[in-house]
Amino acid sequence: MPEKLDCIVIGAGVIGIAIGRRLALAGREVVILEAEPNIGSHTSSRNSEVIHAGIYYPENSLKAKLCVAGRELLYRYCEDRQVAFQRTGKIIVATSAADLPSLHKYAAQAKANGVNDLKWLSCNDVLNMEPAVRCEAGLLSPSTGIIDSHSFMLALQGELETANGSIVCRSRIGNVRVRDGVFDVDVGPDSPYTVSCGYLVNAAGLWAQDVARNMTGFPKECVPELHMAKAHYFTYQGASPFKRLIYPIPSDGGLGIHVTIDMNGCARFGPDAVWVKEINYEFDADRKVDFVDAIRCYYPALDEERLSPAYTGIRPKLSGPGEAAADFEIQSYDDHDVKGLVNLFGIESPGLTASLAIAEFVYRKLFHVT
Ligand SMILES: Cc1cc2nc3c(=O)[nH]c(=O)nc-3n(C[C@H](O)[C@H](O)[C@H](O)COP(=O)(O)OP(=O)(O)OC[C@H]3O[C@@H](n4cnc5c(N)ncnc54)[C@H](O)[C@@H]3O)c2cc1C
């Protein structure tokens, strides 16, 4: 018989580590199994590192609820655990009169989601705050910020380990067999072995669908289709022309090519959204032409020579090109009839912001805590 553990979490991205920490703090025995040699090697280290306010998502969606709740938990966590963050604020800009209805739509959506601190800005207000930016009007979100996501993951890992949980890297999950409330989990690829557990959480990000399809005894019709949208980021060499994050109106697949500022105060433009069929982080430097056009709409003084390729990421999405953005899918017993199993699908943005709230949600689903 294989060794029997209490809880296994598949994947040591920010979501898996946050869930593992939550389970360990509740006194559960937890092991997180990660395929890569290091934690956070995929989407969790290839994102914008923005703490989102919760503006864009449909009312009552998981994205809206978990982002608004998670943002507050995250700010408190960063303060308590000395994780580097800043409440920079962000301005969403309408760069033409045609954008104004969208800005009004987002103001109303934010209110419906409980984001009550947005402020309307005239074009002169924006000029006074951000002299480099040109627009018709703006919406200021004071509760948007930035975070050092790697420090955050390390802080979560520290708490997990203090509570006797552990992360085992270079451990790729293969087949999982579901039998009588127990999961037999094949781990490889080197020195393969099988371990059993009573509770299993699939937080494998871009591979969550593959992991679920490899579960014998799990209803495959519950696995949603994965769509992937690749993102490129360019850094802007030299001093940042902006103090706050500047976002245009969202476009298909993403939030539009915006400016974020990293914890060192450097400006970074991106992400774009290119629909892809395979996971490949190669940087396509030809994307620069589209970046320059998009950025000049709100920053006409852009010096394109200062743009340098930075990195790429891939969004694990549940909606395809031209479709309305899909919600997170966090499936538990009520959805698939398998006791002790939670699968997380489509955990794209705002997953980093929502991570602590997602962890709480998963804990409650697993142990039927109301
Ligand atoms: C371009 C981009 C920008 C974003 N910007 C923001 C933002 O500004 N703010 C925000 O809140 N959110 C943002 N997000 C979303 C956020 O980054 C994600 O929601 C979050 O990182 C998802 O974490 P994860 O743990 O689910 O996935 P991952 O970080 O991908 O972790 C999954 C882990 O599972 C492991 N794994 C996969 N298969 C197996 C297997 N078979 N066995 C063992 N391990 C396995 C992988 O190696 C990986 O380490 C952004 C996302 C993208 C793509």
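Anything mentioned here points back to the structure above.
The sections below set out a description of the structure shown in this document. (Residues numbered from 1 in each chain as written. Predicted model: local features only at pLDDT ≥ 70, side-chain atom pairs only at ≥ 80, totals over all residues.)

## Quick notes on the sheet that holds strand E3 (residues 50–51)
Either a parallel or an antiparallel arrangement is found when strands of a sheet pair, and the pairing is made through backbone hydrogen bonds. So the rule is basically this: Here, any two strands with at least 2 DSSP bridges between them count as paired. The helix and strand labels rest on DSSP assignments: H or I over at least four residues marks a helix, E over at least two residues marks a strand, and numbering proceeds from the N terminus.
Taken together, the three strands give an open sheet; going across it, the order is E3-E8-E4, and neighbouring strands pair in antiparallel fashion. Strands at the two margins of the open sheet, each flanked by one partner only, are E3 and strand E4 (85–86). Examined bridge by bridge, E4 and strand E8 (residues 145–147) share two bridges and lie antiparallel to one another. Residue pairing for E8: Phe 85 is matched across the bridge by Ile 147.

## Some details on the packing of helix H1 (residues 14–25) against helix H9 (residues 351–367)
To keep things clear, this is the line we draw: Note on geometry: axes are lines fitted to C-alpha atoms, helical ones only across the stretch in contact, with angles between N-to-C directions running from 0 to 180 degrees. Note that the term roughly parallel is reserved for angles under 35 degrees, roughly antiparallel for angles over 145, roughly perpendicular for angles of 65 to 115, and oblique for everything else. A crossing counts as left-handed when the near helix is turned anticlockwise from the far one by less than a right angle, and as right-handed when that turn is clockwise. This entry defines residue contacts through backbone-placed C-beta atoms, with two residues in contact when those atoms are within 7 Å. Only Asp, Glu, Lys and Arg are considered charged, only Ala, Val, Leu, Ile, Met, Phe, Trp, Tyr, Cys and Pro nonpolar, and every remaining residue, Gly among them, polar.
Packing of H1 against H9 leaves a shortest axis separation of 8 Å and a crossing angle of 40°. Relative to H9, the element H1 lies oblique. Like other packed secondary-structure pairs, H1 and H9 cross with a definite hand, here right-handed. Contacts from Val 14, Ile 15, Ala 18, Ile 19, Arg 21, Arg 22 and Leu 23 in H1 reach Gly 351, Leu 352, Ser 355, Leu 356, Ile 358, Ala 359, Glu 360, Val 362 and Tyr 363 in H9. Residue classes in the contact of H1 with H9 are distributed as 11 nonpolar, two polar and three charged.

## Here's the deal with the pairing of strand E5 (residues 90–94)
Counted only if it meets this: Exposure classification rests on a simple neighbour count of other C-beta atoms within 10 Å of a residue's own: a residue reaching 20 or more is buried, one at 12 or fewer is exposed, and one in between is partly exposed. C-beta atoms are placed from the backbone.
Counted residue by residue, E5 has five buried out of five residues, so it is predominantly covered. A two-sided burial pattern is seen for E5, the buried positions comprising Lys 90, Ile 92 and Ala 94 on one face and Ile 91 and Val 93 on the other. As defined by bridge partners, E5 adjoins strand E7 (residues 137–141) across five bridges and the pair is classed as antiparallel. The partner of Lys 90 across the bridge, within E7, is Ser 141. In the sheet, E5 pairs with strand E15 (residues 245–247) via three bridges, with the strands oriented parallel. Residue pairing for E15: Ile 91 is matched across the bridge by Ile 246.

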